[in-house]
Amino acid sequence: MAAAHSGSSGTSLREWATGVTVFAAVMLVLAGVIDIMRGIAEIADDDVFVTTRTYIFAFDLTAWGWIHLALGVLAFVVSFGLFVAATWARVAGVCIAALVIIANFLSLPYYPVWSIVMIAVSGFIVWALCVMKKDDPFTPPDRSAGA
């Protein structure tokens, strides 16, 4: 006796991919906005942050502010491409999230807890963008196939 498959596993996989893509887009928006605010805080008033004299990757906090501001703006812009499932946005999103990880690692002594949080969030973004299938996840599933 042969079992008939209705194709619901393909539909659930597509819905899962849509959810992961939306998750990555929203997380990239949040990471971008938070990085923008961190950059502005570092540029405007660097007394909030701890300065370490013996850190090998020591930059002026204003320089870190401009780096975080630029990465935040790029992340914010790229995230809108993810909402329309553009391939260029997936590639750029992985690159931006990787740069955010590197920048937060290098600025770890200045704001350690927040840097670790941003590294974790950016890691989830990279994961979410890399597990997506190549096909367009935002195409609504065909509900009439199983009926």
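Our subject is the structure that appears above.
Source: prediction; values computed, not measured.

Participant: Please give an account of the overall build of the protein chain that cites residues and values.
Facilitator: Counting its secondary structure elements, the protein chain contains 4 helices and 0 strands. The linear arrangement of helices and strands in the protein chain, starting from the amino end, is α-α-α-α. Considering only contacts within the protein chain whose residues lie at least 6 apart along the sequence, 76% involve residues at least 24 apart. Summing over all exposed atoms, the protein chain offers an accessible surface of approximately 8,600 Å²; the carbon and sulfur share of this is 73%.

Participant: Hey, could you go over the side chain of Ser-122 for me, with residue numbers and the actual values?
Facilitator: In this fold, Ser-122 is placed in helix H4 (residues 112-131). Assessed through its relative accessible area of 1%, Ser-122 is described here as buried. If we skip the residues at most four places from it in the chain, Ser-122 touches Ala-97, Val-100 and Ile-101.

Participant: Before we move on, could you go through the environment of Gly-93 and cite the residues and values that matter?
Facilitator: Structurally, Gly-93 is set in helix H3 (residues 87-106). Placed 69 residues apart in sequence, Gly-93 and Ala-24 show a C-alpha to C-alpha distance of 8.7 Å. Setting aside anything within four residues of it in sequence, one finds Gly-93 in contact with Leu-28, Val-78 and Leu-129.

Procedures and definitions
Residues numbered from 1 in each chain as written. Predicted model: local features only at pLDDT ≥ 70, side-chain atom pairs only at ≥ 80, totals over all residues. Heavy atoms only, no water. Helix = DSSP H or I, 4+ residues; strand = E, 2+ residues; numbered from the N terminus. Contact = heavy atoms within 4.5 Å. Areas by Shrake-Rupley, 256 points an atom, 1.4 Å probe, with all protein chains shown as cover. Buried < 20%, exposed > 50% of the residue type's maximum accessible area, 1.4 Å probe, protein only.

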